[in-house]
Amino acid sequence: MPQAQQRILVSGAAGYLASWIVEELLRDGHTVHGTVRRLQEHPKTQHLLDLADQYPERLRLFEADLLKEGSFDGAVEGCSAVIHTASPYFLSRPDDRERQLIGPALRGTQNVLASVKRSATVRRVVLTSSIAALYNDARDVSRMGQQTLHEGNTNPNTHSGRNPYAYSKTVAEQAAWEQCRQQQRWDLVSILPGAMFGPSRSKRPDSTSVTMMSQFVNGLYRRGVPRLWLGLVDVRDVASAHVRAATLPQAHHRYIAVAKSLRLLEIAQLMRVRDFGLEDKLPRSEVPKMLMWLLGPAVGMQRHYVARNVGHPLSFDNRRSQTELGVRYRPPAETVNDHIRQLVADGLVPA
Ligand code: NAP
């Protein structure tokens, strides 16, 4: 059902996910205030400048930094909804987890919500959380007597030293719910995406989803993959979930956004190997857990992560997002092959 046209802020507008959100909002007739860290950084923002040309007067870009108090005040002005996606996303261990990851996620969310508080117009805030805010390790989930995670799960044992990214997403979401409870004017909806893949709207190589897919098709796992389950989802479907969460009055609480849980080997088997000349690049088998434990650090996988996640099945209940937001998930084969096609077309992996 078409929704009334609104003015909506999207933070981190040049990011992998946010770029699709901006495009869908514009396509639906809304006006968008997009924030980026640096307006002059054209390689990062060119695709947004192109959208601004395509939709005259409907996309305004603002400079804002998650760590600067008041930075989002100008962009929030006049908006009825805020979609807060900006947050550092990387899975490698940061040198300074507080400065690089936790500070921008937590203080950034608090800063955006402080700007929302100062505005008189915002009625709905949509926060991009993550399935990482539901659990720490797959082993904990099976120990809870569960295999399928749902929106009622939280991550009470999250620890900044063990999994700093999961910690950053968990505490940022908790802080947002806390701030929401303290007032009546706006309500909060959080979206918890799984591992996003699918084509990027920009040629940026630095988003973690883009790096992960590039490494996969460039042969990182050609000798075998760990027996790991990924809650996979198409970035375009996650963008739609955000747009619906921002514009449907009845949207509320948390929504898991995952299409399907698949093993890494199953994901490799979905790739159209011949079309993309990937014959000798993709894994054909799974590495035994003990060997993975020994080799893990060499491929950037901590031993404690291998011990607690490899070999532990995991799945996600996505029914709320389908019934209440109306999200229709693309088949994972479409997601991964569209992603590879874009990487090849944009010269990010060899043809
Ligand atoms: P991305 O492309 O790296 O986007 C992250 C965005 O955050 C970028 O626009 C970046 O700005 C912005 N940002 C980072 N630090 C900032 C700071 N100090 N001030 C202002 N902006 C800052 O990654 P993504 O995959 O689209 O992630 C978007 C959101 O989805 C994040 O909240 C992430 O945690 C969440 N998520 C992602 C996945 C996934 O698989 N990709 C899964 C679950 C949840 P610049 O453009 O200036 O770099």
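First things first, this report covers the structure right here in the doc. What you see is a predicted model; the values in this text were computed from it and never measured. (Residues numbered from 1 in each chain as written. Predicted model: local features only at pLDDT ≥ 70, side-chain atom pairs only at ≥ 80, totals over all residues. Heavy atoms only, no water.)

Moving on, we come to the overall build of the chain. Of the regular secondary structure elements, the chain holds 13 helices and 12 strands. Relative to the 2.2 N^0.38 estimate, which gives 20 Å for 351 residues, the radius of gyration of the chain is 20 Å and therefore close to what a compact globule would have. Here the C-alpha coordinates of the chain stretch approximately 55 × 45 × 40 Å along the principal axes. Considering the chain as a whole, with its 351 residues, one finds that 55% of them fall into the buried category. Side-chain charges in the chain split into 45 positive and 34 negative, and the spacing between the mean points of these groups amounts to 4 Å. (Helix = DSSP H or I, 4+ residues; strand = E, 2+ residues; numbered from the N terminus. Rg over C-alpha atoms; globule rule 2.2 N^0.38 Å. Buried < 20%, exposed > 50% of the residue type's maximum accessible area, 1.4 Å probe, protein only. Lys, Arg positive; Asp, Glu negative; His and termini not counted. Charge placed at Lys NZ, Arg CZ, Asp CG, Glu CD.)

Right, let's get into the site of the ligand. Looking at the ligand, there are 27 residues lining it, with T85, Y165, K169, R204 and S207 nearest. Note that an oxygen atom of the ligand is positioned 2.9 Å from one of the backbone N or O atoms of Y16. Separating an oxygen atom of the ligand from a backbone N or O atom of M196 is a distance of 2.9 Å. Computed on the free molecule, the ligand has an accessible area of 880 Å², of which 94% lies beneath the protein chains in the complex. (Near = heavy atom within 4 Å. Polar contact = N/O pair within 3.5 Å; in protein donor to acceptor, adjacent residues only side chain to side chain. Areas by Shrake-Rupley, 256 points an atom, 1.4 Å probe, with all protein chains shown as cover.)

Once that is clear, we can look at the sheet that holds strand β5 (residues 124-128). Pairing is parallel in the open sheet, where 7 strands are placed in the order β3-β2-β1-β4-β5-β7-β10. Because the sheet does not close on itself, it has two edges, and the strands there are β3 (59-63) and β10 (253-257). On average, each strand axis in the sheet is tilted by 20 degrees relative to the strand beside it, whichever way the strands run. Judged from the 5 bridges that link them, β5 and strand β7 (residues 187-193) form a sheet pairing that is parallel. Directly across from V126, in β7, lies its bridge partner V189. The strands touched by helix α2 (residues 42-54) are β2 (31-36) and β3; relative to β3, the strand with the most contacts, the crossing angle is about 145 degrees. Sheet strands in contact with helix α6 (residues 164-181) are β5, β7 and β10, and its direction is about 165 degrees off that of β7. (Pairing = 2+ DSSP bridges. Axes fitted to C-alpha atoms, helices over the stretch in contact; angles between N-to-C directions. Contact = heavy atoms within 4.5 Å.)

Before going further, it helps to spend a moment on the pairing of strand β4 (residues 81-84). Taking every second residue as pointing to the same face, both faces of β4 are buried, with A81 and I83 on one and V82 and H84 on the other. Read from β4 through helix α4 (residues 97-118) to β5, the crossover connection turns out right-handed. (Right-handed = clockwise from strand over helix to strand, strands pointing away.)

Judged by nonpolar contacts, the single largest core of 68 residues is most densely connected at V22, L48, I191 and M271. At 8 residues, the largest contribution of residues to this core is made by helix α1 (residues 16-27). Filtering out sequence-adjacent residues up to four positions away, L48 remains in contact with A13, A14, V22, V36, L59 and L61. Of all hydrophobic cores here, the second largest spans 21 residues; its members include F62, A75, W186 and L188. (Core = buried A, V, L, I, M, F, W, Y, C linked by side-chain atoms within 4.5 Å.)

The subject of this paragraph is empty space enclosed by the protein. Scanning the entire structure with this criterion turns up 1 cavity of 30 Å³ or more. Lining the largest cavity are H84, T85, A86, S87, A105, T109, L127, T128, K169 and A172. Counting only elements with at least two residues in the lining of the largest cavity, the list comes to α4, β5 and α6. In terms of residue class, the lining of the largest cavity is built from 4 nonpolar, 5 polar and 1 charged. (1 Å grid on protein atoms, 1.4 Å probe; cavity = no way out; pocket = protein on both sides within 12 Å on 5 of 7 lines; lining within 4 Å. Points joined across faces, edges and corners; volume = space filled by probe spheres on them. Nonpolar A, V, L, I, M, F, W, Y, C, P; charged D, E, K, R; others polar.)

Turning our attention to the packing of aromatic side chains. This model, assessed by the stated rule, comprises 3 aromatic pairs. Between Y89 and Y165 the ring centres are 4.9 Å apart and the planes differ by 50 degrees, which places this aromatic pair in the tilted class. One end of the pair, Y89, is in the loop between β4 and α4; the other, Y165, is in helix α6, with 76 residues separating them in the sequence. The ring centre of W293 lies 4.7 Å from the NZ or CZ of R303, which sits over that ring. (Phe/Tyr/Trp six-rings, centres within 6.5 Å; stacked < 30°, edge-to-face > 60°. Lys NZ or Arg CZ within 6 Å of the ring centre and 35° of its normal.)

For the rest of this paragraph, the subject is the packing of helix α7 (residues 208-217) against helix α13 (residues 332-345). Look at α7 against α13: their axes get within 11 Å of each other, and the N-to-C directions meet at 85 degrees. It follows that α7 is roughly perpendicular to α13 by the angle criterion. Two secondary-structure elements touch here, α7 through S209, V210, M213, S214 and V217 and α13 through V336, H339, I340 and L343. Here the contact of α7 with α13 is built from residues that sort into 6 nonpolar, 3 polar and no charged. (Parallel < 35°, antiparallel > 145°, perpendicular 65-115°, else oblique.)

This paragraph deals with the sheet that holds strand β8 (residues 195-197). If you trace the 3 strands from one edge of the open sheet to the other, you get β8-β9-β11, paired in mixed fashion. Bordering the open sheet on either side are β8 and β11 (260-263), each of which pairs with just one other strand. Averaged over all pairs of adjacent strands, the angle between strand axes in this sheet comes to 45 degrees, irrespective of strand direction. In the sheet, β8 pairs with strand β9 (residues 229-234) via 3 bridges, with the strands oriented parallel. Note that in β9 the partner of A195 across the bridge is L232. Taken strand by strand, helix α8 (residues 235-247) contacts β8 and β9, and its axis lies near 65 degrees from that of β9.

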